[in-house]
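One letter stands for each residue in the lines below.
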Amino acid sequence: MNYINLNGKITNEADAHIPVDNGAFRYGYGLFETMLIEEGTIRLADYHMPRLFAGLEQLEFELPAFMTPEYVEEEVLKTVKKNKMDNLCRVRLQVFAGSGGLYGTGFMHPGFVIECFPLDDSTLQLNTNGLVVGVATGIGKFKDTLSHLKSCNSLIYAVAARQARENKWNDALICNTESHIIESTIANIFWIKNGIVYTPPLSEGCVAGVMRQFILDVTKVTEKRFSFGELMYADELFLTNAIKKIRWVRKWDETEYGNEQTRALYDLLSKV
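Conventions adopted
Along each chain, numbering runs from 1 in the same order as the chain's sequence is written. Per-residue local features of the predicted model are confined to residues with pLDDT of at least 70, and side-chain atom pairs are confined, for both listing and counting, to 80 or more; whole-chain, interface and lining totals are unaffected and use all residues. Based on all heavy atoms of the structure, the side-chain values leave hydrogens and waters out of the count. Helix and strand definitions follow DSSP, with helices as H or I runs of at least four residues and strands as E runs of at least two, each counted in order from the N terminus. Each accessible area is a Shrake-Rupley result for a 1.4 Å probe, and residues are judged covered by the shown protein chains and nothing else. To estimate how far a helix should extend, the number of its residues minus one is multiplied by 1.5 Å. For every residue, the accessible area (1.4 Å probe, protein chains only) is compared with the maximum for its type, and the residue is labelled buried under 20%, exposed over 50%, or partly exposed between those bounds. When we speak of the arc, we mean the arc of directions from the helix axis to the C-beta atoms. The contact definition used throughout considers only heavy atoms, calling two residues in contact when any of these lie within 4.5 Å. Fitted lines through C-alpha atoms serve as axes, helices being fitted only where they are in contact, and the angles separating the N-to-C directions of these axes extend from 0 to 180 degrees. Throughout, the term roughly parallel applies to angles under 35 degrees, roughly antiparallel to angles over 145, roughly perpendicular to angles from 65 to 115, and oblique to all others. Two helices crossing with the near one rotated counterclockwise from the far one by less than a right angle form a left-handed crossing, whereas a clockwise rotation gives a right-handed crossing. Under the grouping applied here, Gly and all other residues not named as nonpolar or charged are polar, the nonpolar ones being Ala, Val, Leu, Ile, Met, Phe, Trp, Tyr, Cys and Pro and the charged ones Asp, Glu, Lys and Arg. Strand pairing is assigned whenever DSSP detects at least two bridges linking the two strands. What counts as a salt bridge is simple: a side-chain nitrogen of Lys or Arg found within 4 Å of a carboxyl oxygen of Asp or Glu. Throughout, nonpolar core names a set of buried Ala, Val, Leu, Ile, Met, Phe, Trp, Tyr and Cys residues whose side chains join them through atoms within 4.5 Å.

### Considering the overall build of the protein
- The helix and strand tally for the protein stands at seven helices and 15 strands.
- Projected onto its principal axes, the C-alpha positions of the protein cover 55 × 40 × 35 Å.
- Split by element, the accessible area of the protein, about 13,500 Å² in all, is 51% carbon and sulfur.

Below you can see the structure in the form of structure tokens.
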């Protein structure tokens, strides 16, 4: 039996009910965090919580006084414990706008749901076989004040993921409306050329990933626009997120990449 936490109440997943007129369902108005739990601890909690609450403030949610970072962490770990997944799991925390329509009095009063998913130990290891990626076509992400948020409006990522599945890629890269590569369907992107590590700046429209920021904090990275020319001539290419940390890319189109420096970075992160 799988248990979820709906607005602070843990219940059987089958018995949980969310109103159909909630803001996330109708408008994609909300945010989510995907967190790694290891040995009863939220990894990178010091990155997840500031990002979440900064986003909630930007979207002008009216939070109840009790809804603090400490409260959210406590509810996450309570849910993990109820599911007996303290050792290793993935948690999805989604905060969604209330009911009543965009201008309703309850719209800015958020609800939340916490879900747990089991993970295998291999998830945390650097992938042995490099990923094969492609570039999603027919879609482009706008650069605006919302583009860095991990919002409930994930249509562009779902379409790109469908293209990856249809083309038998492991993941699809996403461009902004200026045709610069900014991220993948579930990860931030980094590339290495002549020993220098690069990643697109947030101003290009990519999500402000917690693992992305962690890497920027612990090692030297240059933020730079990522063109197709650089994709073609990069020495190494890797993707990052809070769950799988680093995954190296072996191939895009006819271009193949190594992983020597990526592997060294993975080893460094494992010791931090």
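Picking up after the structure, the text goes on.
### Examining helix H7 (residues 260-271)
- Here H7 contains 12 residues, and its C-alpha end-to-end distance of 17 Å stays within 8% of the 16 Å for a straight helix at 1.5 Å per residue.
- Among the residues of H7, Thr262, Leu265, Tyr266 and Leu269 are the ones counted as buried. Buried residues of H7 fall within an arc of 105° about the axis and therefore sit on the same side. Opposite its buried face, H7 presents the exposed residues Glu260 and Lys271, each directed more than 90 degrees away.
- Its buried side turned inward, H7 meets strand E10 (188-193), helix H5 (210-218), strand E13 (236-241) and strand E14 (245-252).

### A short note on the packing of helix H2 (residues 45-58) against H5
- For the pair H2 and H5, the least separation of the axes is 10 Å and the interaxial angle reads 125°. Of the possible angle classes, the one that applies to H2 and H5 is oblique. Crossing hand, H2 versus H5: right-handed. Between H2 and H5, the contacting residues are Tyr47, His48 and Arg51 on the first element and Val210, Gln213, Phe214 and Asp217 on the second.
- Tallied by class, the residues present in the contact of H2 with H5 amount to three nonpolar, two polar and two charged.

### Focus: the sheet that holds strand E1 (residues 3-6)
- Read from one edge of the open sheet, six strands run E2-E1-E6-E5-E3-E4, paired in antiparallel fashion. Looking along the sheet, the strands with just one partner apiece sit at the ends: strand E2 (9-12) and strand E4 (41-42).
- Strands in contact with H2 are strand E3 (30-38), E4 and strand E5 (88-96); relative to E3, the strand with the most contacts, it is inclined by about 170°.
- Each of E1, E2, E3, E4, E5 and strand E6 (111-118) is contacted by helix H3 (residues 69-82), which is oriented at about 40° to E6, the strand it contacts most.

### Section: unusual backbone geometry
- At Ser179, a position not held by glycine, the phi torsion is positive, near 65°.
- Relative to the assigned elements, Ser179 resides in the loop between strand E8 (171-175) and strand E9 (181-184).
- A relative accessible area of 45% means that Ser179 is categorised as partly exposed.
- The phi dihedral of Asn194 falls on the positive side, at around 55°, and the residue is not glycine.
- Mapped onto the secondary structure, Asn194 falls in the loop between E10 and strand E11 (196-199).
- For Asn194, a relative accessible area of 63% puts it in the exposed group.

### Brief notes about the pairing of E9
- Where E8 lies against E9, three bridges are found, and the strand directions are antiparallel. Residue pairing in the sheet places Leu173 in a bridge with Ser184 of E9.
- Hairpin connection, E8 to E9: the antiparallel pair is bridged by five residues, and Ser179 has positive phi, about 65°.

### Digging into H3
- In this model, H3 (14 residues) spans 20 Å end to end at C-alpha, consistent with the 20 Å of a helix rising 1.5 Å per residue.
- Within H3 the residues assigned to the buried category are Tyr71, Val72, Glu75, Val76, Thr79 and Val80.
- Looking at the residues trailing H3, positive phi occurs at Lys84, about 55°.

### Some thoughts on the pattern of salt bridges
- Scanning all chains against the criterion turns up 12 salt bridges.
- Across the salt bridge formed by Asp171 and Arg247, the nearest N and O atoms sit 3.6 Å from each other. Taken together, the residues Asp171 in strand E8 and Arg247 in strand E14 connect sequence positions 76 residues apart.
- Counted as one network, the salt bridges with shared partners bring together Lys143, Glu178, Glu204 and Arg225.

### Quick word on the nonpolar core
- By size, the foremost hydrophobic cluster in this structure holds 28 residues, and its most contacted members are Leu52, Val72, Val76, Val80 and Val91.
- When contributions to this core are tallied by element, the ones reaching two or more residues are E3, H2, H3, E5 and E6.
- Of the residues forming this core, the biggest block, five residues, is contributed by H2.

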